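Per-entry structural report
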Amino acid sequence: MDMAGMLLDINRMEAWYQLTGRFNASNLLLVYGVAFLLGKSQEEIITGLTKVGRVPGRFEIIKSTTGFNWHNRLCAYPRCIGKLVRER
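Every value quoted in this text rests on a predicted model; they were computed, and no experiment measured them. (Residues numbered from 1 in each chain as written. Predicted model: local features only at pLDDT ≥ 70, side-chain atom pairs only at ≥ 80, totals over all residues. Heavy atoms only, no water.)

A word on helix α2 (residues 42-50). When we look at burial in α2, the residues that qualify are Gln42, Ile45, Ile46 and Leu49. The buried side chains of α2 occupy one side of the element, clustering within an arc of 95 degrees when seen end-on. Contact partners of the buried residues in α2: β1 (6-10), β2 (13-17) and α1 (22-37). (Buried < 20%, exposed > 50% of the residue type's maximum accessible area, 1.4 Å probe, protein only. Helix = DSSP H or I, 4+ residues; strand = E, 2+ residues; numbered from the N terminus. Arc of directions from axis to C-beta. Contact = heavy atoms within 4.5 Å.)

Among the nonpolar cores identified, the biggest contains 13 residues, and Tyr17 and Leu28 are the most heavily contacted of them. Secondary-structure elements contributing two or more residues to this core are β1, β2, α1 and α2. Sort the elements by how many residues they give to this core and α1 lands first, with 4 residues. Each residue touching Leu28, except ones within four places of it in the same chain, is listed here: Met6, Leu8, Tyr17, Leu19 and Leu49. (Core = buried A, V, L, I, M, F, W, Y, C linked by side-chain atoms within 4.5 Å.)

Bridge analysis of β1 against β2 gives 5 bridges, and the strand direction is antiparallel. Each bridged residue has a counterpart across the sheet, and for Ile10 the counterpart in β2 is Met13. The antiparallel pairing of β1 with β2 creates a hairpin that spans 2 residues between the two strands, and Asn11 there sits at a positive phi of about 55 degrees. (Pairing = 2+ DSSP bridges.)

What follows covers the pattern of salt bridges. Under the criterion given, the structure shown has 1 salt bridge. Between Lys40 and Glu44 there is a salt bridge; the shortest N-O distance is 4.0 Å. Lys40 gets classed as partly exposed once you look at its relative accessible area, which sits at 41%. The exposure class of Glu44 is partly exposed, given its relative accessible area of 44%. (Salt bridge = Lys/Arg side-chain N within 4 Å of Asp/Glu carboxyl O.)

The subject of this paragraph is the environment of Leu49. In this structure, Leu49 sits in helix α2. In sequence terms Leu49 and Ala15 are 34 residues apart; their C-alpha atoms lie 9.3 Å from each other. Apart from the residues lying within four places of it in its own chain, the contact partners of Leu49 are Tyr17, Leu28, Val31 and Tyr32.

Note that every value here comes from positions in space, so none of it alone points to a role or purpose.
Here you go:
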């Protein structure tokens, strides 16, 4: 998995999205379908979805100077990360 984002083809229109993971691909497809049913054009929807960014602190790679990198999949808040580190 590329943690920078994903390349996704929706209705034969390929674009790069800042989100990662199958669940986010499903969410993007759902939003696409709803927006299309509401009358938005494919280009308008895809352009908007490519601008959707991640929630800070969620699904980030935390790099260290020791070479140990951690993929944060557990929580989105600094206090939560601190608690996890203390409990380990």
